Structures are given as C-alpha cells and as structure tokens.
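What follows is the residue order along each chain.
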Amino acid sequence: MCGIVGILSTRPVAADLVDALRRLEYRGYDSAGIATVEGGHLERRRAEGKLRNLESRLLSEPLEGNVGIGHTRWATHGKPTERNAHPHMTARVSVVHNGIIENFRELREELTAAGHTFETDTDTESVVHLITDEMDKGRSPVDAVKAALSRLKGAFALAIIFAGEDNLMMAARLGSPLVIGHGDGEMYLGSDAIAIAPFTDTVTYLDEGDYAVLHRDRLEVFDKDGRPAVRTPVKSQANALLIDKGNHRHFMAKEIHEQPEVISHTLAHYVDMAQGVIRMPEMGIDLAKIPRITIAACGTAFYAGLVAKYWIERYARVPVEIDIASELRYREAPLPEGGLAVFVSQSGETADTLATLRYCRENGQHIASVVNVRTSTIARESDVVLPTLAGPEIGVASTKAFTCQLTALACLAIAIGRARGAIDETRERELVRELVEVPRQIANQLLDETQFETLAHLLTKTRDVLFLGRGVSFPLAMEGALKLKEISYLHAEGYAAGELKHGPIALIDENVPVIVVAPRDSLFDKTVSNVQEVAARGGQIMLITDAPSEEAGCPLAAHIAMPLAHEFTNPIVYAIPIQLIAYHTAVLMGTDVDQPRNLAKSVTVE
Ligand code: AGP
C-alpha cells in the first residue's frame, strides 16, 4: 500500500520526511521520493527500491527546503521505476497520491490537447497537470486544487505543495485515510498517525471527502461540499501501538473504512490499469485445461469462496465444488486428475483449511491460496499464492479481508474465463472497468452511516434475524448473518430466498426482522416475491437494494439505498451494508466489537 507524508516547518524537512516514510514501510512499497520548496521553486529526489536508495540520493544531492512531501509507492499504474515514483510535479505543483484515479485517461487526453506534456504512465500525473492547468488559468493554489478535486473520479488521498509557497500545503481524501499532525509552529501530514508519531501525538483525522489547507500555524478543513468543517484534534495512540484505530472507536470500524484503499491496492496487484486487463501471477497450471475447481475455507472466507463459485461457473464456465474445510476433508470428496484447489484464508493459519489443503495436495490437486498473510503456513504450502493486500486485520470480525478476497477471486474468475475463451477481451475490459469503480462506490457509501444506525436500533429489540439473498447474493446473506451473530450475539440465519417457503417461513411473525440483500439484478423480481410472502405474514422487511423502495410492493421497516453497481461487482459493494448493520447493532448491544466472546482471530485448532 502506498504511504504519504508531509511536513510544513521553518527548518529543513528532508531527513524527517524520510524518517516518516520509514514508519510506513510496513505497508509495502517498491519506490520512494520526496519533494521540497527550495528558494521558491520545487525540487525532488526519487529512487527505486528501498528507502536506503533514496537516502543515498539525498546524501549526494541534499534538499534544504522547509516544506515538503514524501511517498512510498506500491505500483498501481506504471512499473516501479524512478520515472514513475512519486512525487510527481510540474514547475508549479508537486503531488503525492495514494489510491486510484479512475478517469485519469480522459483527463490525460484533455490536458495533452491543452498543451501539457506527460512524462510518466501514472494516473497521479494527471492530477499534477490538472492543478497546474487551473493555476495557469489564474486560480490561486487553493482554488486550483478545489477545482481539480471536483474533476477527479476514484478513491484517493493527496498531499500537494506549490512553487513559491513555503507556508502552504494542501491535502484531500476520498477512500484513502489521511491524518494531520499539530506541532509547535509546524504541521504534519501522514497516511496514518504512525508516520508522524515522532513529531506529535496531537492529530486531526480528515473525514471522507474532506480537503484541507495547512499553514504552519493554522489548519482549515472543508467538507465534501466545500463548506468549512470542524475536525477536532485528538490524542493519537500510534506511539503505543504500531497499528492504531485512527479516529475510529474500534478496529472493525477503521478496517471497514480502509476498504476503498485496500481494495484499490489488491486490484492493482491483479489489474494492468493502463491496459484495463487482468495480469495474474504465474499460476503454474494451464487454466484452460483444469477439469474442475475445488474451493475450501471457513467462516467469512468460505462465503467469499461461495461468491467465487457463482462467478467462476457463470463467467469462466468451469464447474466448482465448494465446501467448508472441516467437512470437505472428512467426507473424502473424490478429486479430479489435474484439478485446481483454491483455499481462502485471511490468517493463512486456520487449521481446518490447512488440513484440507494437505488432503487436496495428497490427492494430486494443484494448490492456490488467497491469503492476507504471505508468510503464513497456508501460503508456504501452496503452489501459487494470490495475496489480498488488506493490511493487518485486527478486528476478529473479518471485513476488509473479505472484500479483498472477493476482489482477488473476481480477478481469478476473469483470468480463467479468458484462458478458456469463455470471456473475450471486450468482456474482460468491461468487467475490469466495473471492478475499478468499486473503491469509489464503497467510499461514497461510507460518507454517511446514519441509515445503519437507525436500522441497528430496530434490531437490538429482537432475538432472531433472517437474512435472505438469491444467486450471488445468497452468500452475502450468509455472511450478513455471520457478522451479526458473531459480534452482537443476536441469533441470525442466512437463507437462499427461494428456500424460505420450504420451512423457514414458519419462523416469520412481526418479531422477526428479515434483512434482504436484493440488488436489482436478473433475480430481483423473484426475490421481491419472497419479500411479499414475508410481508403477508407480518414480517419486518429491511431491504438492501439499488431499486426504489416502492418496487418492493409492500411496506418496509427499512430501505437501505445502494449505488447502482454491476451484477458482477454487487457482492463486493453489498458487503458494506451488511458489515455496517452488524457493527452498529453490536455497538448498541454494548458487546466487545473487536474481541467478541468465545472467538479468536485465527482458529489454529481443528
Ligand atoms: C469472520 O468474521 C470470522 N472471524 C471467522 O469466520 C473467520 O472468517 C474464519 O475463522 C476463517 O479465518 P481465516 O480467514 O483466517 O482462515
């Protein structure tokens, strides 16, 4: 994951910028750089590889400026070369960026036509020229940034400095975190509080959509609508913990909010953003020839695998056998010659999943694993590892790992489809375009959680909750039930919506809320019929859908309005409301949200 830092001071800042970048090394990177304002103009030093290479460069070519920005880059658009390393700049502006600018090609074409010359393959460079273009039109630095932000589409965090301005820095965030540190006549900026912990423990967290104007002695923050906003400084815990909660009450909340950023980084691992196609690592097996895929996992990871079953069978036309790991291994499922077995695990240490991996290997399967910890046992015993770049997940309830698992599995499904000719290049580009939009769609959902707090109040008064979904939304219903029960301790069950009338409908009365995951896809009308069966028996319907509420054709206890997404990406986008429903219910129930009773983050016993 990329890291951003910035320092506004009256003393040279280059060494402290590198020190701050070193504290972001845990995020992973492949190049680094800093830029400062030197005697009124912009200077920068960049280097491929580790920070020591940048430090060597600075020893031979020092920077003396008192205002500067820095970046550790995890390559998304363009190879990890010095040329593509941040900061990017023109003579007037320098920018560091974390995230994905979705409409960078369109902006690049427009700015090239306006006479701007691009040097790199990165999406970030479009931001630099866009701000420069606004300043060339006579706008002040602050107004130029404001105008540029209104043109950007995607999930991003930005830090910006200007030639001739040695007491000005700007910052903006949508989908990637940014924190501002307050010093004595100095200001600091970081992707998280860890980066600036050596300088201050008094920090201000920017909210989604905020942008900020930093001067050495004052901070002005503006909200997503450009209105002045008050963001209260807090004491950072970063000194105590390498991983801190940021401005969130729980790790789970922080990790829910990290999803736009970490999905972007997971996407960048599998998607060639410049070409708009999938680039999988060497799988070590001919994807065109595998007779069947077997998927095994536990808990939330299993539900990610279940979504993958729908994707792979529908888009790649390969049969998928899936089971929870603790069952697959003991039923001695017959496995095909030359088959591919895929194991999904956040920790990479789950005993049931590991045991089943070994069973599948003993039975001649090629082993792939989708893991969040690359040094884990499951990763080490796999023929190929498909990493999720979710970063450390502290909350026991898996959230960002789940959506990163879905992201990696979606890319795998496309790659298998392409290898078998079930998906042509046009379809691939269409599906990839939809995937690249997901971080922004999730960031926009996270701008306002009030509807989930309201719904949570209704749930705290109940003892039994049903979640329903059809097709690829059925695993989401199961995951929603698991999330709710594991952190709020309310009893919840997930069912295929079509299954309700075969028994579970006997449970329905006015005391049983029914939460329905119903994107307006090809199965929406059938799901609506099930909703009406529930309503006819007095059940309380809570509908999560991008369709207007009146299309339910019955009264609703709650209507969670969702962004219009694509049938392919709905499972990732619809993970957010079910996570937030569980989170806000658990907060109201007063349970230990991050460490729920009886549970462990990684179950290393069978
Ligand atoms: C999910 O919220 C739970 N923490 C649990 O079901 C978890 O997904 C399961 O134990 C699998 O863990 P893993 O992904 O580390 O293998």
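Reference entry: report on the structure contained in this document. Everything quoted here is computed from the prediction, not taken from an experiment.

Conventions adopted
- Residues numbered from 1 in each chain as written.
- Predicted model: local features only at pLDDT ≥ 70, side-chain atom pairs only at ≥ 80, totals over all residues.
- Heavy atoms only, no water.
- Near = heavy atom within 4 Å.
- Polar contact = N/O pair within 3.5 Å; in protein donor to acceptor, adjacent residues only side chain to side chain.
- Areas by Shrake-Rupley, 256 points an atom, 1.4 Å probe, with all protein chains shown as cover.
- 1 Å grid on protein atoms, 1.4 Å probe; cavity = no way out; pocket = protein on both sides within 12 Å on 5 of 7 lines; lining within 4 Å.
- Sits in = over half its atoms within 2 Å of the grid points.
- Helix = DSSP H or I, 4+ residues; strand = E, 2+ residues; numbered from the N terminus.
- Axes fitted to C-alpha atoms, helices over the stretch in contact; angles between N-to-C directions.
- Parallel < 35°, antiparallel > 145°, perpendicular 65-115°, else oblique.
- Contact = heavy atoms within 4.5 Å.
- Nonpolar A, V, L, I, M, F, W, Y, C, P; charged D, E, K, R; others polar.
- Core = buried A, V, L, I, M, F, W, Y, C linked by side-chain atoms within 4.5 Å.
- Buried < 20%, exposed > 50% of the residue type's maximum accessible area, 1.4 Å probe, protein only.
- Phe/Tyr/Trp six-rings, centres within 6.5 Å; stacked < 30°, edge-to-face > 60°.
- Disulfide = S-S within 2.5 Å.

1. Description of the site of the ligand
Close to the ligand lie 14 residues; Ser345, Gln346, Ser347, Thr350 and Glu486 are nearest. Within the side chain of lysine 483, an N or O atom sits 2.9 Å from an oxygen atom of the ligand. With the chains in place, 91% of the 410 Å² that the ligand exposes on its own is no longer accessible. Most atoms of the ligand, that is more than half of them, are within 2 Å of grid points of the largest pocket. Secondary-structure elements contributing two or more residues to the shell around the ligand are α9 (299-316) and α16 (474-488).

2. Points about the packing of helix α8 (residues 259-270) against helix α14 (residues 425-445)
Running from N to C, α8 and α14 point in directions that differ by 170 degrees, and their axes come no closer than 8 Å. What the angle tells us is that α8 and α14 run roughly antiparallel. In this structure, α8 uses Gln259, Pro260, Ile263, Ser264 and Leu267 to contact α14, whose residues at the interface are Leu435, Val436, Val438, Pro439, Ile442 and Ala443. Split by residue class, the contact of α8 with α14 holds nine nonpolar, two polar and no charged.

3. Points about the nonpolar core
In this structure, Ile293 and Trp311 are the most contacted members of the largest nonpolar core, which totals 98 residues. No other element matches the twelve residues that helix α13 (residues 400-419) contributes to this core. Contact partners of tryptophan 311, with chain neighbours within four places excluded, come to Ala316, Leu406, Leu409, Ala410, Ala413, Val472, Phe568, Pro571 and Ile572. With 29 residues, the next largest nonpolar core counts Val93, Ile101, Leu149 and Ala443 among its residues.

4. Some details on the packing of aromatic side chains
Aromatic ring pairs are described here by two measures, namely the spacing of the ring centres and the angle between the planes. Under the definition given, this model contains five aromatic pairs. On the numbers, 5.1 Å between centres and 20 degrees between planes, the contact of tyrosine 188 with phenylalanine 199 is stacked. Of this pair, tyrosine 188 sits in strand β10 (residues 187-190) while phenylalanine 199 sits in the loop between α6 (193-196) and β11 (202-205); the two residues are eleven residues apart in sequence, bridging distant segments of the chain. For the residue pair tyrosine 188 and phenylalanine 199, the accessibility class agrees, reading buried in each case. Consider the rings of tryptophan 311 and phenylalanine 568, whose centres lie 5.3 Å apart with planes at 50 degrees: the pair is tilted. Separated by 257 residues along the polypeptide, tryptophan 311 in helix α9 and phenylalanine 568 in the loop between β27 (558-561) and α18 (570-573) bring together distant segments of the chain. Phenylalanine 568 carries the same exposure label as tryptophan 311, and that label is buried. Through a chain of ring-to-ring contacts, the aromatic side chains of Trp311, Tyr315 and Phe568 assemble into a single cluster.

5. Structural notes on the state of the cysteines
Applying the stated criterion across every chain yields a total of zero disulfides. Sulfur of cysteine 404: no disulfide; nearest cysteine sulfur belongs to cysteine 411 and is 11 Å away. Judged by relative accessible area, cysteine 404 falls into the buried class, the value being 0%.

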